[in-house]
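Observations on chain architecture
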Amino acid sequence: MKKIIFIEPKSAHVHVYQKVVFPRLGSVLLGTILKKLGYEVKVFIEEIGKIDFKQVFDSDLVGISTITPTAPGSYQYARMIKDAGIPVVMGGTHVTFQPDEALAYADYVVRGEGEETIVELVECLEKNGDLSKIKGLSYKDGGKIIHNPPREFIKNLDDIPIPDYSIVNDYKKLGVISVSTSRGCPFNCTFCSVPAFNGKVFRTCSVDRVIEEIDTHLRNLNMNYLFFTDDIFNYNKKRAKEILKRMIENKLTPLWGAQVRHEASRDEEMMELMRKANCDRVFVGFESINPKTLELYNKKECIKNIEDAVKTLHKYRIKVHGMFVLGSDEDNVETIKKTGEFAKKLDIDSVQFMILTPLPGSKFFNSFISENKNFITQDWGVFDGVHAVHQPKKITPYELQIEVYRITKKFYSWASILKMVIIGDIYEAHIKNTARRITKKWIKENNNYIKKLKDDLYSEVKKIVGYHISRKKKSVTIASISKTIDFKNTLETFFKELGIKIVDTKKELANILEEKHTFLKKEKIKKEKILYEYLESLKGKVDFVVIPIVKDFEKYQIRFISDINEVSKSFKSGLSNLPHIINLDVDIEMKSLRETFIKIGLIFTNDLNKIRRAYLKALAVAV
Ligand code: B12
């Protein structure tokens with residue numbers, strides 16, 4: 001075993017960071033460790049430049065670093081390289097939580113931190129040793145998948161060498177250099193994979209080590225920006241201040257950015273030091289302005305925290321990159337619109353309005369799986385925080401996608417760019433313009449995806465009427481047959497708000513259902529005749545018979561539903577001018593009620609705003 005190649009594949013889709021390429025540290029670190037052990041190592045970061053597959057196919061082992069949105073591309077490369085007879089090992093956040101899936105493409109999966117595991121694996125392969133001894137390794141033995149026990153977290157991060165970026169192909173193209181000074185996050189946000197991957201203990205390397213690393217990179221690399229990859233750079237305030245003081249003392253002050261929580265801004269000395277150390281901006285996970293969503297995310301933050309943090313950071317001339325995660329079960333179109341307005345009002349410098357995504361490793365993902373919820377797509381490539389991949393409670397995926405795109409486009413408007421030019425902040429104008437262009441490119445490239453979301457939403461219309469229905473049809477009757485749940489008022493309010501005429505046919509219906517037992521026993525022909533006569537009696541008076549379907553229906557009610565739908569189909573309601581049947585699933589737990597109303601509303605109008613207003617009015621009646 002002599003030549004080892006690492007690959008960090010790129011995302012399949014445009015994302016807001018496309019123009020500021022910087023690697024995750026995984027491949028560089030592992031490559032550095034193996035180079036120190038005498039192996040010939042090369043790292044290809046695909047976002048930087050093309051992978052030289054000649055070198056890849058000439059190597060003895062290939063390591064592929066994977067996060068969820070880059071999994072499809074990673075698996076393709078793994079299969080291709082493995083088929084060429086070269087052993088493939090995968091690592092990184094995604095495969096750590098999906099090892100079985102990855103072993104369908106690769107020979108080995110390193111779960112969790114890879115520094116020690118990769119060394120043991122390489123040495124074991126060289127001497128054809130016993131793989132079962134290697135902690136944190138998953139592999140196949142005679143077709144059977146083996147997961148060795150997990151490896152403990154590395155306690156002292158000073159044991160990890162300073163990443164040698166010169167092993168990265170075209171490393172000179174790297175403008176931004178990542179430096180990791182800690183691992184682990186004591187917080188537990190439900191959408192984040194970090195607590196499960198790096199643990200909740202805040203593990204650090206020494207301040208000396210941090211300063212040595214910054215100094216090394218500044219001397220060896222033509223970097224113009226340093227990004228601290230710590231999940232919370234300021235978690236240990238005393239230590240963070242020590243790092244900043246040493247950076248200032250040693251004049252190691254390139255432009256830099258770091259991820260912090262709002263609490264950082266409460267410490268004016270910290271602010272002062274960050275200013276003096278030439279901090280360009282902080283990346284802050286504000287996540288939401290909806291208190292209920294912040295609670296759902298377990299974010300331990302309130303809106304005032306966000307406002308105060310932005311004001312203080314700006315006071316110290318530190319820019320703010322605000323990261324928001326939209327689309328929780330407590331979010332609706334209004335909260336999304338308000339988030340966009342909030343970010344503009346607070347004059348946040350740059351933003352990422354991301355869409356809540358069930359990422360493997362996150363609590364949200366685990367609850368999704370345990371509650372048997374369905375993803376909208378199985379394509380990990382769109383689990384990138386920019387595509388709607390799940391169905392929240394209070395907004396349809398199509399609306400979520402469109403509204404997030406709208407506030408992003410609005411935030412990075414020409415006016416916002418012009419404002420930067422007028423105040424002479426060309427750097428910021430450039431960032432906003434780049435984001436505007438990426439957003440434009442994204443919408444163009446993802447037209448089909450959005451069309452699919454729209455089709456899903458309009459699918460009900462097609463399912464119900466099967467063909468385009470004239471919007472002239474404007475009257476319904478509500479065949480409410482449930483003895484326990486009266487949904488009539490809610491529905492009537494909804495349809496009235498949409499300007500739909502409601503015809504009362506309670507009496508006709510009651511007549512049919514009165515003799516429920518006989519209805520059950522009656523021969524098919526007789527029953528069809530009764531139901532046909534009922535629909536016939538509504539001809540010209542009613543365009544749709546809306547039947548609210550609730551879970552606790554008795555047998556005869558279920559039979560009634562299937563029979564009347566049968567009759568309606570067999571007499572092709574549309575053609576025979578008999579009223580159409582609309583089966584309306586009334587999910588009292590409100591899991592998908594909103595989606596049902598939106599879909600029904602779309603039968604009568606394309607105006608989603610109007611349907612939303614009607615739904616909210618109807619809801620007020622229901623609760
Ligand atoms: C830097 C960073 C970025 C950068 C660079 C991203 C890039 N080049 O892909 C930027 C800001 C651009 C970014 C963007 C995004 N990111 Co990001 N990012 C990070 C961050 C903060 C640090 C990564 C890092 O260097 N870690 C430190 C090193 C040491 O860890 P590592 O790279 O994982 O490597 C270790 C192990 O994983 C393993 N390993 C890794 N690779 C390999 C390969 C082999 C062969 C082996 C054996 C082992 C191995 O061993 C390594 C050493 O222990 C992590 C959070 C974190 N704490 O890791 C999030 C993180 C990776 N990002 C994440 C996400 C979701 C995104 C986005 C999709 C959404 C967003 N947040 O905007 C985008 C889009 C990125 C894309 N490519 O599509 C998630 C991924 C979760 C998942 N299930 O995949 C993370 C974990 C954050 C989170 N909150 O969950 N990100």
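Throughout what follows, the structure given in this document is the object of discussion.

Conventions we followed
Residues numbered from 1 in each chain as written. Predicted model: local features only at pLDDT ≥ 70, side-chain atom pairs only at ≥ 80, totals over all residues. Heavy atoms only, no water. Patch = residues over 30% accessible without salt bridge, like charges linked within 9 Å, V, L, I, M, F, W, Y side chains within 5 Å. Areas by Shrake-Rupley, 256 points an atom, 1.4 Å probe, with all protein chains shown as cover. Salt bridge = Lys/Arg side-chain N within 4 Å of Asp/Glu carboxyl O. Lys, Arg positive; Asp, Glu negative; His and termini not counted. Charge placed at Lys NZ, Arg CZ, Asp CG, Glu CD. Helix = DSSP H or I, 4+ residues; strand = E, 2+ residues; numbered from the N terminus. Buried < 20%, exposed > 50% of the residue type's maximum accessible area, 1.4 Å probe, protein only. Near = heavy atom within 4 Å. Polar contact = N/O pair within 3.5 Å; in protein donor to acceptor, adjacent residues only side chain to side chain. Nonpolar A, V, L, I, M, F, W, Y, C, P; charged D, E, K, R; others polar. Core = buried A, V, L, I, M, F, W, Y, C linked by side-chain atoms within 4.5 Å. Domains from an automatic or database assignment. Contact = heavy atoms within 4.5 Å. Pairing = 2+ DSSP bridges. Phe/Tyr/Trp six-rings, centres within 6.5 Å; stacked < 30°, edge-to-face > 60°. 1 Å grid on protein atoms, 1.4 Å probe; cavity = no way out; pocket = protein on both sides within 12 Å on 5 of 7 lines; lining within 4 Å. Points joined across faces, edges and corners; volume = space filled by probe spheres on them. Axes fitted to C-alpha atoms, helices over the stretch in contact; angles between N-to-C directions. Parallel < 35°, antiparallel > 145°, perpendicular 65-115°, else oblique. Left-handed = near helix turned anticlockwise from the far one by under 90°. Right-handed = clockwise from strand over helix to strand, strands pointing away.

1. Focus: a positive patch on the surface
Together, Lys10, Lys19, Lys50, Arg437 and Lys441 give the surface a local cluster of positive charge. Mapped onto the fold, Arg437 is located in helix 17 (residues 426-445). For Arg437, a relative accessible area of 44% puts it in the partly exposed group.

2. Quick word on the site of the ligand
Surrounding the ligand, one finds 42 residues, the nearest of these being Ser11, Arg24, Ser65, Thr68 and Glu115. In this structure, a nitrogen atom belonging to the ligand sits 2.9 Å away from a side-chain N or O atom of Asp231. Listing elements by their share of the shell around the ligand, those giving two or more residues are strand 1 (3-8), helix 1 (25-36), strand 3 (61-65), strand 4 (88-91), helix 6 (115-126), helix 7 (194-198) and strand 15 (350-355). Looking at which element gives the most residues to the shell around the ligand, the answer is helix 1, with 4 residues. Residue composition of the shell around the ligand, grouped by class: 19 nonpolar, 16 polar and 7 charged.

3. Overview of the nonpolar core
Nonpolar side chains in soluble globular proteins tend to end up buried together. If you look at the biggest cluster of nonpolar residues, it comprises 157 residues, and the most contacted ones within it are Phe228, Trp256 and Phe495. For this core, the element with the most residues is helix 15 (residues 397-411), which contributes 7 residues. Two domains share this core, each providing at least three of its residues, namely domain 1 (3-147) and domain 2 (466-622). The contacts of Trp256, once residues within four sequence positions are left out, are Tyr225, Leu226, Phe228, Phe233, Leu244, Met247, Met274, Ala277, Asn278, Cys279, Asp280 and Arg281. With 18 residues, the next largest nonpolar core counts Ala479, Phe560, Ile564 and Leu578 among its residues.

4. Let's talk about the pairing of strand 18 (residues 544-549)
Of all the 6 residues making up strand 18, 5 are buried; the element is thus mostly covered by neighbouring parts of the structure. Relative to strand 19 (residues 580-585), strand 18 runs parallel, the two sharing 6 bridges. Note on strand 19: the bridge partner recorded for Val545 is Ile581.

5. Quick word on the packing of aromatic side chains
Taken as a whole and assessed by the stated rule, the structure comprises 28 aromatic pairs. Taking the centre distance of 4.9 Å and the plane angle of 50° together, the rings of Phe22 and Phe227 count as tilted. Of this pair, Phe22 sits in the loop between strand 1 and helix 1 while Phe227 is found in strand 11 (residues 225-228), placing the two residues 205 residues apart along the sequence. Ring centres 5.1 Å apart and planes at 10° place the aromatic pair Phe368 and Phe375 in the stacked group.

6. Regarding the side chain of Lys319
When you line up the elements, Lys319 lands in strand 14 (residues 319-326). Looking at Lys319, the relative accessible area reads 17%, which means it is buried. One polar contact links Lys319 to Glu428, side chain to side chain, over a distance of 3.0 Å. Setting aside chain neighbours within four positions, we find Lys319 in contact with Asp280, Arg281, Val282, Asp349, Asp425, Tyr427 and Glu428.

7. A short note on unusual backbone geometry
Even without being a glycine, Asn278 presents a positive backbone phi close to 75°. Following the sequence through the fold, Asn278 ends up in the loop between helix 10 (268-276) and strand 13 (279-287). In this structure Asn278 comes out as partly exposed when scored by relative accessible area, which is 26%. Even without being a glycine, Asp347 presents a positive backbone phi close to 60°. Looking at where Asp347 falls in the secondary structure, it is placed in the loop between helix 13 (333-345) and strand 15. Asp347 sits in the partly exposed class, given a relative accessible area of 37%.

8. Topic: empty space enclosed by the protein
Tallied over the entire structure, the rule returns 3 cavities of 30 Å³ or more. As a volume, the second largest cavity reaches approximately 90 Å³. Around the second largest cavity sit Leu25, Leu29, Leu157, Ile160, Pro163, Ser180, Thr181, Ser182, Arg183, Cys205, Arg209 and Glu213, which together line it. Listing elements by their share of the lining of the second largest cavity, those giving two or more residues are helix 1, strand 9 (182-183) and helix 8 (207-220).

9. As for the sheet that holds strand 15
Strand order in the open sheet formed by 6 strands is 8-11-12-13-14-15, with parallel pairing between adjacent strands. If you trace the sheet from one side to the other, it starts and ends with strand 8 (176-179) and strand 15, each paired once. Sheet twist, expressed as the average angle between the axes of neighbouring strands with direction ignored, equals 20°. Note: strand 13 against strand 14, 6 bridges, orientation parallel. Looking across to strand 14, one finds that Arg281 is bridged to Lys319. Helix 8 contacts strand 8 and strand 11 of the sheet and is inclined by roughly 160° relative to strand 8. Lying over the sheet, helix 13 contacts strand 14 and strand 15, oriented at roughly 175° with respect to strand 14.

10. Some thoughts on the packing of helix 15 against helix 17
Geometry of a packed helix pair, given as the angle between the helix axes and the separation of the axes. For the pair helix 15 and helix 17, the least separation of the axes is 9 Å and the interaxial angle reads 150°. Taken together, the axes of helix 15 and helix 17 are roughly antiparallel relative to one another. Crossing handedness for the pair helix 15 and helix 17: left-handed. Facing helix 15, whose interface residues are Gln401, Tyr405, Thr408, Lys409 and Phe411, helix 17 presents Lys432, Thr439, Trp442 and Ile443. For the contact of helix 15 with helix 17, the per-class residue count stands at 4 nonpolar, 3 polar and 2 charged.

11. Brief notes about the environment of Gly340
Relative to the elements of secondary structure, Gly340 occurs in helix 13. Among the residues examined, Gly340 registers a relative accessible area of 7% and is labelled buried. When residues no more than four places from it in sequence are discounted, the contact partners of Gly340 are Phe353 and Ile407.

12. Concerning the sheet that holds strand 5 (residues 108-110)
Here 7 strands make up an open sheet; going across it, the order is 2-1-3-4-5-6-7 and the pairing mixed. Either end of the sheet is taken by a strand with one partner, and the two such strands are strand 2 (40-45) and strand 7 (144-147). On average, each strand axis in the sheet is tilted by 20° relative to the strand beside it, whichever way the strands run.

13. Things to note about the pairing of strand 1
With respect to burial, strand 1 is a largely interior element, 5 of its 6 residues being buried. Both strand 1 and strand 2 contribute to a ladder of 6 bridges, which runs parallel. Within strand 2, the position partnered with Glu8 by the bridge is Ile45. A crossover connection joins strand 1 to the parallel strand 2 through helix 1; in handedness this β-α-β unit is right-handed. With 4 bridges connecting them, strand 1 and strand 3 associate as parallel partners. Note that in strand 3 the partner of Ile5 across the bridge is Val62.

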